[in-house]
Amino acid sequence: MRFDVLTLFPDIFRGYLGQSLLHKAIENGLVETALHDIRQWSEDKHQRVDDRPFGGGPGMVMQVKPVVDCVEAVQAIGEHPGNLIMLTPTGRKLDQQLVEQLVETPRHLLLCGRYEGFDQRVSDILKPMEISIGDFILNGGEVGAMVLIDSMIRLVPGVLGDEQSSHEDSFSSGNRLLEFPQYTRPRVYRGLEVPEILLSGDHQAIAKWREEQSLKRTRERRSDLL
Ligand code: JCE
């Protein structure tokens, strides 16, 4: 899986991409990433990529030319242009079903904006897939791009230590329930004990208890999922 990230702030990604799980996946050739600084496609002598909105209003808007030039240059790298994704608060809301669909494609270009967003003609010309990570406003697309990368790579075979884990996650296909509570050592902490059944060694009883806990939690916290 390859990600090309187009951003005015490539440095934001460096810490995240160096994180252990992802770093190992990159070293093992399972994931490939490339950062592209949109500002390098500005032809302005001051390297500007934003301008005031026509019609007035607060803030600035990302200009169409440097963004389109940057995307087209990155698409020209490699034989397959890849799936262009634009992070935006007005896009399709991200969920696990969409993540599962996206991992079927081997290359994604993640276009991150800043300011008050993009000139509409960026979308009109490039026809990207527009994705929102939730109903709240971020300061730019970068955090959303990291959310996308993070949710996708855990579905790439070999990236997670344990292949089983991601299939049992809440929201994955065939699981509409929240996760059951987990415990590890010590058996008692501040008087709070680990449920007896988890120490019983009775795997059938444990599976049944976990199923019940998942249902109870989902009913109490996320009845919309039932
Ligand atoms: C972004 C901004 C529009 C005012 C580029 C916000 C995605 N789920 C999401 N929430 N926020 C975003 C997002 C993505 C890209 C950009 N802004 C800020 N956008 C109106 C401010 C700029």
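The model shown is predicted, which means the values in this text are computed figures rather than measured ones. (Residues numbered from 1 in each chain as written. Predicted model: local features only at pLDDT ≥ 70, side-chain atom pairs only at ≥ 80, totals over all residues. Heavy atoms only, no water.)

## Description of the site of the ligand
Neighbouring the ligand are 17 residues, the closest being Ser132, Ile133, Gly134, Phe136 and Leu138. In the model, a nitrogen atom of the ligand is placed 3.2 Å from a nitrogen or oxygen of the isoleucine 133 main chain. In the environment of the ligand, a nitrogen atom lies 3.2 Å from a nitrogen or oxygen atom belonging to the backbone of glycine 134. Taken by itself the ligand offers 480 Å² of open surface, and the protein chains cover 88% of this. (Near = heavy atom within 4 Å. Polar contact = N/O pair within 3.5 Å; in protein donor to acceptor, adjacent residues only side chain to side chain. Areas by Shrake-Rupley, 256 points an atom, 1.4 Å probe, with all protein chains shown as cover.)

## Overview of the environment of arginine 92
Here arginine 92 is to be found in strand E5 (residues 83–93). Sequence-distant contacts of arginine 92, that is, excluding residues within four places in its chain, are made with Leu98, Gln101, Glu130, Ile131 and Ser132. (Helix = DSSP H or I, 4+ residues; strand = E, 2+ residues; numbered from the N terminus. Contact = heavy atoms within 4.5 Å.)

## Thoughts on the domain arrangement of the chain
Considered domain by domain, the chain is made up of domain 1 (2–153) and domain 2 (176–225). One C-alpha centre belongs to domain 1, the other to domain 2; they are set 39 Å apart. (Domains from an automatic or database assignment.)

## Concerning unusual backbone geometry
For the peptide bond that leads from arginine 185 to proline 186, omega is 5°, which places it in the cis range. Here proline 186 shows up in the loop between helix H6 (142–153) and strand E8 (188–189). Of note in this structure, glutamine 47 is not a glycine but carries a positive phi near 60°. Summarising the element assignment, glutamine 47 is placed in the loop between strand E2 (32–37) and strand E3 (50–51). In this structure glutamine 47 comes out as partly exposed when scored by relative accessible area, which is 36%. In this model, phenylalanine 171 sits at a positive phi of 80°, which is unusual for a non-glycine residue. Structurally, phenylalanine 171 is set in the loop between H6 and E8. (Buried < 20%, exposed > 50% of the residue type's maximum accessible area, 1.4 Å probe, protein only.)

## Here's the deal with a nonpolar patch on the surface
A surface patch of nonpolar side chains, about 310 Å² in accessible area, is lined by Phe136, Leu138, Val143 and Val147. Here phenylalanine 136 shows up in the loop between strand E7 (129–132) and H6. (Patch = residues over 30% accessible without salt bridge, like charges linked within 9 Å, V, L, I, M, F, W, Y side chains within 5 Å. Salt bridge = Lys/Arg side-chain N within 4 Å of Asp/Glu carboxyl O.)

## Digging into the side chain of threonine 88
Mapped onto the secondary structure, threonine 88 falls in strand E5. According to the relative accessible area criterion, threonine 88 is buried, its value standing at 13%. With residues up to four places along the chain from it excluded, the contact list for threonine 88 reads Glu130, Ile131 and Ser132.

## Comments concerning H6
For H6, built from twelve residues, the straight-helix expectation of 16 Å at 1.5 Å per residue is met to within 8% by its first-to-last C-alpha distance of 17 Å. The buried fraction of H6 amounts to nine of the twelve residues, a majority that puts the element mostly inside the structure. (Expected span 1.5 Å × (residues − 1).)

## Structural notes on the sheet that holds E2
In space, the five strands of this open sheet follow the order E2-E1-E6-E5-E7, with parallel pairing throughout. Of all the strands in the sheet, the pair left with one neighbour each is E2 and E7. Strand after strand, the sheet turns through a mean of 30° between neighbouring axes, direction not considered. Against the sheet, helix H3 (residues 64–75) engages strand E1 (2–7), E2, E5 and strand E6 (107–111), with an angle of about 165° to E6. (Pairing = 2+ DSSP bridges. Axes fitted to C-alpha atoms, helices over the stretch in contact; angles between N-to-C directions.)

## Re the pattern of salt bridges
Inspection of every chain in the model, using the stated rule, returns 14 salt bridges. A salt bridge links glutamate 32 to arginine 2; its shortest N-O distance comes to 2.9 Å. Of this pair, glutamate 32 sits in strand E2 while arginine 2 is found in strand E1, placing the two residues 30 residues apart along the sequence. Take glutamate 32: its relative accessible area is 44%, and that puts it in the partly exposed class. Measuring nitrogen to oxygen at the nearest pair gives 3.2 Å for the salt bridge that ties aspartate 50 to arginine 48. Residue aspartate 50 is classed as buried on the basis of its relative accessible area of 8%.

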